[in-house]
Structures are given as C-alpha cells and as structure tokens.
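# Per-entry structural report
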Amino acid sequence: GPYTTLDSFQTQVLTKMTGELAKLYECCKNDEMTPGPCELQLDLLIENNGGYESRFLHLLLAIADNAGNDKSSRYLNQVQRGIMSLLQAMASNSSLRAFKALATISGDYMFVRAKALASETEDEDDDYDDDDHGEIFELEAAKMVASAFKSDDLSNEAKVVVMCSVLLQYLKIYGSSE
C-alpha cells in the first residue's frame, strides 16, 4: 500500500471501519452477501460484478491497501488483523471471492517455505516453529488459503476453484513472459 506506517488517527478510523464492516457482514452473510458464482481470472479487480459480496470485498481490499505494511513489525496491526478475520469469516462461509482475494494478497508467500523467511543465523533443526518470524500479512493470507484444503466445510468443487486460483497466482508471479 501507499503507507508503510499508520498514524494513530488513521489506525483508529480504519479499525473502527473494519469492526463495523464485520458486524455488517455477520448480519448479511446468509442473505445479501451469500457467496455468488465466481469466475477464474488473473486479476480480481477486473471482475465486474455488481453483487454486494463483490463490492464488499473490493472495499476490504481498499482498506487493506491503506492498512500499512511495516515489514519490520513482528505482528499484524489492528487493521490488518480485522481484515484477516473478516476474510477468514467470508472464506469459511464458502466465499470463493474471499479465497481469491487471499491468494492475491499472499503473493509469492504462498510458494516459499517458512524456513526461507527466517534469517540465515537460525538453527536449521526440524523442530522449526513456523511462527518464529512473526506474522506477515501476506503469509497469514497464504496460511488461510492453505487451510481451505483441510476444511471439510468446503466442497470439492470449491477446493478446485481455490487451487486454480493459486495456480493462476503462481503463473502470474513465476510464469514465462510468453
């Protein structure tokens, strides 16, 4: 996003906004924001769907872009935590758009091992704790997408769509320029 650190006023406003959006989603998740059909596309933003779920997700992504992303911080800030919580709630409600957004947010963190993120001075033992390097916004998104495949709540068809989204993300990052 455009800001690496947030001032306290901006943090308060975005945190309050995220909290209120969570209440709105909880109220509307089984009616107006029921997950609708979702197309596979390389860029989530080209999806031109006037549905509430799609517009709600775009609002969340706009907030996430302005939530700050201090790479030196060991933990997610309040705004990032709220966005992750809301995306997780949407994903657990079988929102394929939420999974696509999480896959997009995760970037290449979906494809790197936690050990590669740790400093070279860390011990290379097999008991390495995945959370040793703290919470990284993109890595938390990648973990949520990966958790979809452990879930019994998600249909096999939905898992295929999520996997295709992950593969499209991989091609977007590492694919050849052909």
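Residues numbered from 1 in each chain as written. Predicted model: local features only at pLDDT ≥ 70, side-chain atom pairs only at ≥ 80, totals over all residues. Heavy atoms only, no water.

Here we come to the overall build of the protein chain. Scanning the protein chain from terminus to terminus reveals seven helices and zero strands. Reading the helices (α) and strands (β) of the protein chain from amino to carboxyl end gives α-α-α-α-α-α-α. Each of the 178 residues in the protein chain was classed as buried or not, and the buried ones make up 39%. The contacts of the protein chain with a sequence gap of at least 6 include a subset with a gap of at least 24, amounting to 70%. Approximately 10,500 Å² of the protein chain is accessible, and the part contributed by carbon and sulfur atoms is 52%. (Helix = DSSP H or I, 4+ residues; strand = E, 2+ residues; numbered from the N terminus. Buried < 20%, exposed > 50% of the residue type's maximum accessible area, 1.4 Å probe, protein only. Contact = heavy atoms within 4.5 Å. Areas by Shrake-Rupley, 256 points an atom, 1.4 Å probe, with all protein chains shown as cover.)

Looking now at unusual backbone geometry. Despite not being glycine, serine 94 shows a phi value in the positive range, around 65°. The residue serine 94 is located in the loop between α3 (78-92) and α4 (96-106) in this model. With relative accessibility at 30%, the residue serine 94 sits in the partly exposed group.

Bringing α3 into the picture now. Here α3 is 15 residues long and its end C-alpha atoms lie 21 Å apart, about the 21 Å a rise of 1.5 Å per residue gives. For α3, every residue scored as buried is listed here: Val79, Gln80, Gly82, Ile83, Met84, Leu86, Leu87, Met90 and Ala91. The N-capping residue of α3, defined by a side-chain oxygen 3.0 Å from the backbone nitrogen of valine 79, is asparagine 77. Directly beyond the C-terminal end of α3, a positive phi value near 65° is found at serine 94. (Expected span 1.5 Å × (residues − 1). Polar contact = N/O pair within 3.5 Å; in protein donor to acceptor, adjacent residues only side chain to side chain.)

Now for the confidence of the model for the protein chain. In the predicted model, the protein chain carries a mean pLDDT of 78, and the fraction of residues at 70 or more is 74%. By mean pLDDT, the top-scoring element of the protein chain is helix α1 (residues 8-28) (93), and the lowest-scoring one is helix α5 (residues 114-117) (56). Predicted confidence is poor over residues 119-132, with pLDDT under 50, and the contacts of this stretch with residues over four places away or in other chains come to 13 contacts. (pLDDT = per-residue confidence, 0-100.)

A few words on the packing of aromatic side chains. Scanning the entire structure with this criterion turns up four aromatic pairs. For the ring pair tyrosine 25 and phenylalanine 56, a centre distance of 5.8 Å and an interplane angle of 25° mean the geometry is stacked. Of this pair, tyrosine 25 sits in helix α1 while phenylalanine 56 sits in helix α2 (residues 52-65); the two residues are 31 residues apart in sequence, bridging distant segments of the chain. Per residue, the accessibility class of tyrosine 25 equals that of phenylalanine 56, and both read buried. Taking the centre distance of 4.9 Å and the plane angle of 80° together, the rings of phenylalanine 111 and tyrosine 170 count as edge-to-face. Placement of phenylalanine 111 in the loop between α4 and α5 and of tyrosine 170 in helix α7 (residues 156-174) is noted, with a sequence separation of 59 residues between them. One aromatic cluster is present, built from ring pairs that chain together Phe111, Tyr170 and Tyr174. (Phe/Tyr/Trp six-rings, centres within 6.5 Å; stacked < 30°, edge-to-face > 60°.)

Further remarks concern the packing of α4 against helix α6 (residues 137-147). Relative orientation of the contacting elements α4 and α6 amounts to 140°, with a least axis distance of 7 Å. One finds that α4 runs oblique with respect to α6. Where α4 crosses over α6, the handedness of that crossing is left-handed. Listed contacts from α6 to Phe99, Leu102, Ala103, Ile105 and Ser106 of α4 are Phe137, Glu138, Ala141, Ala142, Met144 and Val145. Among the residues forming the contact of α4 with α6, the class breakdown is nine nonpolar, one polar and one charged. (Axes fitted to C-alpha atoms, helices over the stretch in contact; angles between N-to-C directions. Parallel < 35°, antiparallel > 145°, perpendicular 65-115°, else oblique. Left-handed = near helix turned anticlockwise from the far one by under 90°. Nonpolar A, V, L, I, M, F, W, Y, C, P; charged D, E, K, R; others polar.)

Per the stated rule, a full pass over the model turns up five salt bridges. Ionic pairing is found between lysine 16 and glutamate 20, a salt bridge with its closest N-O pair at 3.1 Å. Here lysine 16 and its partner glutamate 20 are both found in helix α1, four residues apart, which amounts to about one turn of the helix. Assessed through its relative accessible area of 54%, lysine 16 is described here as exposed. Between lysine 143 and glutamate 140 there is a salt bridge, with its nearest N and O atoms 3.5 Å apart. One end of the pair is lysine 143 and the other is glutamate 140, both in helix α6 and three residues apart, which spans about a single turn. (Salt bridge = Lys/Arg side-chain N within 4 Å of Asp/Glu carboxyl O.)

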